[in-house]
Amino acid sequence: MEDFQGLIGLRRAFRAGKTRGIEWRMGQLRALLKLVADNKARFFEALEQDLGKHPVEAYRDEIGVLKKSADHALLNIKKWMAPKKGHLPLLLFPARAEVLPEPLGTVLIFGSWNFPISLTLDPLVGAISAGNTVVVKPSELAPACSSLICQTIPLYLDREAIRVVEGGSDVADKLLQQQWDKIFFTGNPRVGRIVMAAAAKHLTPVTLELGGKCPVILDSFTESDLKVVVKRIVGGKWGPCAGQACIGVDYLLVQQKQAPHLIESLKACIKKFYGDNVKSLQSICRIVNNNHFDRLCSLLEEPSVAASVVYGGSLDRENLIIEPTILLDPPVDAPIMTDEIFGPLLPIITLDKIEDSIDFINARPKPLAIYAFTHNNKLKDQILQETSSGSVTFNDTMIQFICDSLPFGGVGQSGFGRYHGKYSFDTFSHEKAVLHRSFYLELEPRYPPWNDFKLEFIRLAYNFEYVGLLLLLLGLRRRYTSSRGH
């Protein structure tokens, strides 16, 4: 943004009220849907270029997610914008109250490279729905998608209210030096701390969508159920961007006696879904760049970790492909078990009994999601009551992300704030309390000079004892003769 004139223009447009009306908001959402429809093939091409995403995966995790969110917002935005009636004490009659959602102002959205379309433009749906002006900063690690977003947004959306800024960390730093009314960041905790520190200088509210080590808890199952369980685990681990997903499966907890059969079932499913030759794998993404490839390779280099590999582990450095890899009981103090993996490596940790999974999870930072496969209601209650995470999904993986009726967000080191559906609208809104009073029925006991009657009146008012108040006003209630004890 040259001399940040664009930012000045965005603030001017917001102050002029351009983005507040429902017509503008709905018009921009429809324009965003048209952008997606007109450029679907280009998005597929960019996603393949940046990450090797198959068009089906690209539609499932990117285009479809964005379209669903925009459609949902269009269907509900009128209801979301409507003031909500507030309930007042009878003592304030005649009066009325409402909670009025209002846009925050000019907001900054940082996109992420692993889902460079949906995780960049889905938050934009919320910002537009709430009536803000917006700067979008796509990730430079997905350059084809970043360029496409930068090219298309000005052709479809309001240039005076929505701008795209491309660049690397130097551009991000300059953006963070500016004062915003909200910053929405998706990425890793290290950069999240930088964003939060910069926001603190201006007391800017921040939503941080980070990540963490999302575990699977696997209880015992019948053979027929296990077939479904395995497909859902394999799909939740290697299906979304080859494991490069904040809510993807990070590691799996299972009873020791079940591990051998589970591993054989996982192997068979991996071969069916993706193939078994690193040079000819299908329907799986590549690693985003050499740095991340080397990081993942380093997780496997420690001898005790390498010795725990029971499947996969082959590398294709030229094409940045890592074969789906299973490890059995790697050292729990190794980086593969202390750092978020963010790649196609699945450690399996065996336990004496599945209830020990609670303590194992609680000994680590709070995850973004917990996936538990069980029919045991007691274990379900234990997980809900004794662990903390951004979400819990029973008997499936990943699908909570596409449910607009559920908030998506982390807790602790996995982030804070939430979005999706109305929660996106709320994230980019301020709920303003509004109270309307008349000049009738003035409550004189609220004013000095003070006396015992006024103290008793206020005490009864705070306790909502309206019969007592009436008796007090009629002189039929014994007044306290001392303020002692109140």
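Residues numbered from 1 in each chain as written. Predicted model: local features only at pLDDT ≥ 70, side-chain atom pairs only at ≥ 80, totals over all residues. Heavy atoms only, no water.

Per an unreviewed UniProt entry, the recorded name for the protein chain is Aldehyde dehydrogenase, and the organism is Salvia splendens. The record in UniProt for the protein chain states the following under Catalytic activity (unreviewed entry): "an aldehyde + NAD(+) + H2O = a carboxylate + NADH + 2 H(+)". The record held by UniProt for the protein chain lists under Sequence similarities (unreviewed entry) the comment "Belongs to the aldehyde dehydrogenase family." (UniProt positions renumbered as here; feature names shortened; annotations may be inferred.)

## Looking at the environment of Gly-235
With respect to the helices, strands and loops of the structure, Gly-235 is situated in helix H9 (residues 223-238). C-alpha of Gly-235 to C-alpha of Gly-105: the two residues are 130 residues apart in sequence and 40 Å apart in space. Apart from the residues lying within four places of it in its own chain, the contact partners of Gly-235 are Pro-240, Phe-273 and Tyr-274. (Helix = DSSP H or I, 4+ residues; strand = E, 2+ residues; numbered from the N terminus. Contact = heavy atoms within 4.5 Å.)

## Concerning the sheet that holds strand S18 (residues 429-437)
Ordered by their spatial adjacency, three strands build an open sheet running S1-S2-S18, and the pairing between neighbours is antiparallel. The sheet is open, and its two edges are formed by strand S1 (84-86) and S18, each paired on a single side. Neighbour-to-neighbour, the strand axes of the sheet open up by a mean angle of 30°, direction not taken into account. Sheet topology note: the S1/strand S2 (residues 95-103) ladder contains three bridges and is antiparallel. Of the residues in S2, the one forming a bridge with Lys-84 is Val-99. (Pairing = 2+ DSSP bridges. Axes fitted to C-alpha atoms, helices over the stretch in contact; angles between N-to-C directions.)

## Considering the side chain of Asp-122
Relative to the helices and strands, Asp-122 is located in helix H5 (residues 118-129). Notably, Asp-122 is buried but unbridged: the nearest opposite-charge side chain belongs to Lys-68, and the N-O separation is 5.7 Å. Of the polar contacts made by the side chain of Asp-122, one reaches the side chain of Ser-69; its length is 3.0 Å. (Buried < 20%, exposed > 50% of the residue type's maximum accessible area, 1.4 Å probe, protein only. Lys, Arg positive; Asp, Glu negative; His and termini not counted. Salt bridge = Lys/Arg side-chain N within 4 Å of Asp/Glu carboxyl O. Polar contact = N/O pair within 3.5 Å; in protein donor to acceptor, adjacent residues only side chain to side chain.)

## A few points about the environment of Arg-459
Mapped onto the elements, Arg-459 comes out in helix H17 (residues 452-462). On the basis of relative accessible area, Arg-459 is assigned to the partly exposed category, the value being 23%. With 130 residues separating them along the chain, Arg-459 and Asp-329 place their C-alpha atoms 63 Å apart.

## What to know about the packing of helix H3 (residues 40-51) against helix H4 (residues 55-81)
Two elements in contact, H3 and H4, have axes separated by 10 Å at closest approach and are oriented at 105°. Taken as axis vectors, H3 and H4 run roughly perpendicular relative to one another. Residues Lys-40, Phe-43, Phe-44 and Leu-47 of H3 pack against Pro-55, Ala-58, Tyr-59, Glu-62 and Ile-63 of H4. Among the residues forming the contact of H3 with H4, the class breakdown is seven nonpolar, no polar and two charged. (Parallel < 35°, antiparallel > 145°, perpendicular 65-115°, else oblique. Nonpolar A, V, L, I, M, F, W, Y, C, P; charged D, E, K, R; others polar.)

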